[in-house]
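Breakdown of the fold
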Amino acid sequence: MSRAIVPDRDGGEVASHGVVALLLAADVLRELRELLDGLRSQQLLDSTLVAIVSDHGPGSGRAGMGRIRDASIYEGSVHVPLVVSGPQLAGAGGAVTLPTGHIDLAPTLLGLLDLEPPDTMKGRDLTHGSEPRVVILATRPPLSQIGVRAGPWKLVHWAETDPDRVFMARRE
């Protein structure tokens, strides 16, 4: 397989971010196809709940953040891809549009399977009506951002460099 490379600031070579993303997507699709083919061949596909989730979104694309842009708390990074497929979704009502977190995944998947989460499990089952809540966001160095999201509003605090910013999250 050929590899596209671009020079980095120090004169070295690194794989192009876009090319790496395409190669990773091709690997994920190949693995997913193998998983689904295996379930189909064992006649399990029609009764299996399949969930695919990422650790963060594709990045905010904000200038000046370089290779660490995916670690930001701006909307482009915190909107996490999630795909769920299976017969358990029959009658489920559309997309969840309120702020959520990875902590909600396990209770939601258990809810889709009609299983009660253990009392010790945190998070909420998003298959049942949920009230909006305040969401706390944070990154670790070198960005050191802290944010609070309440409804459409978000406060972003850069620990060391930029002033605090308040804005409507859908428009950042």
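Residues numbered from 1 in each chain as written. Predicted model: local features only at pLDDT ≥ 70, side-chain atom pairs only at ≥ 80, totals over all residues. Heavy atoms only, no water.

**What about the pairing of strand β7 (residues 153-158)?**
Using the following cut-off: Per-residue accessibility, obtained with a 1.4 Å probe over protein chains only, is compared with the maximum for each type, and a residue is labelled buried under 20%, exposed over 50%, and partly exposed between these values. Runs of H or I in DSSP of at least four residues are treated as helices and runs of E of at least two as strands, each being numbered from the N terminus. Should DSSP find at least two bridges between two strands, the strands are regarded as paired.
Residues K154, V156 and W158 point to one face of β7 and are all buried, whereas W153, L155 and H157, pointing to the other face, are not buried. Sheet analysis places strand β6 (residues 145-150) next to β7, joined by six bridges and oriented antiparallel. Along β7, the bridge assignment pairs V148 with L155. Where β6 hands over to β7, the hairpin turn is made up of two residues, of which G151 adopts a positive phi near 60°. Taken together, the four bridges between β7 and strand β8 (residues 165-168) define a ladder with antiparallel strand orientation. Directly across from V156, in β8, lies its bridge partner R165.

**Topic: the nonpolar core**
Rules: The criterion is simple. A nonpolar core is a set of buried Ala, Val, Leu, Ile, Met, Phe, Trp, Tyr and Cys residues joined through side-chain atoms within 4.5 Å. Contacts are residue-level and defined by heavy atoms, with any inter-residue pair within 4.5 Å sufficient.
Membership of the largest hydrophobic core is limited to seven residues, which are I73, Y74, V135, L137, V156, W158 and F167. Elements represented by at least two residues in this core include exactly β5 (135-138) and β7. With residues near it in sequence (within four places) discarded, V156 still touches I73, Y74, Q145, I146, G147, P163, D164, R165 and F167.

**Structural notes on the pattern of salt bridges**
Keep this limit in mind: Counted as salt bridges are all cases of a side-chain nitrogen of Lys or Arg within 4 Å of a carboxyl oxygen of Asp or Glu.
Tallied over the entire structure, the rule returns three salt bridges. Linking D104 and R124 is a salt bridge whose minimum nitrogen-to-oxygen distance equals 3.8 Å. Of this pair, D104 sits in the loop between β4 (82-85) and α3 (105-112) while R124 sits in the loop between α3 and β5, and the two are 20 residues apart along the sequence. Exposure remark for R124: the relative accessible area of 14% places this residue in the buried category.

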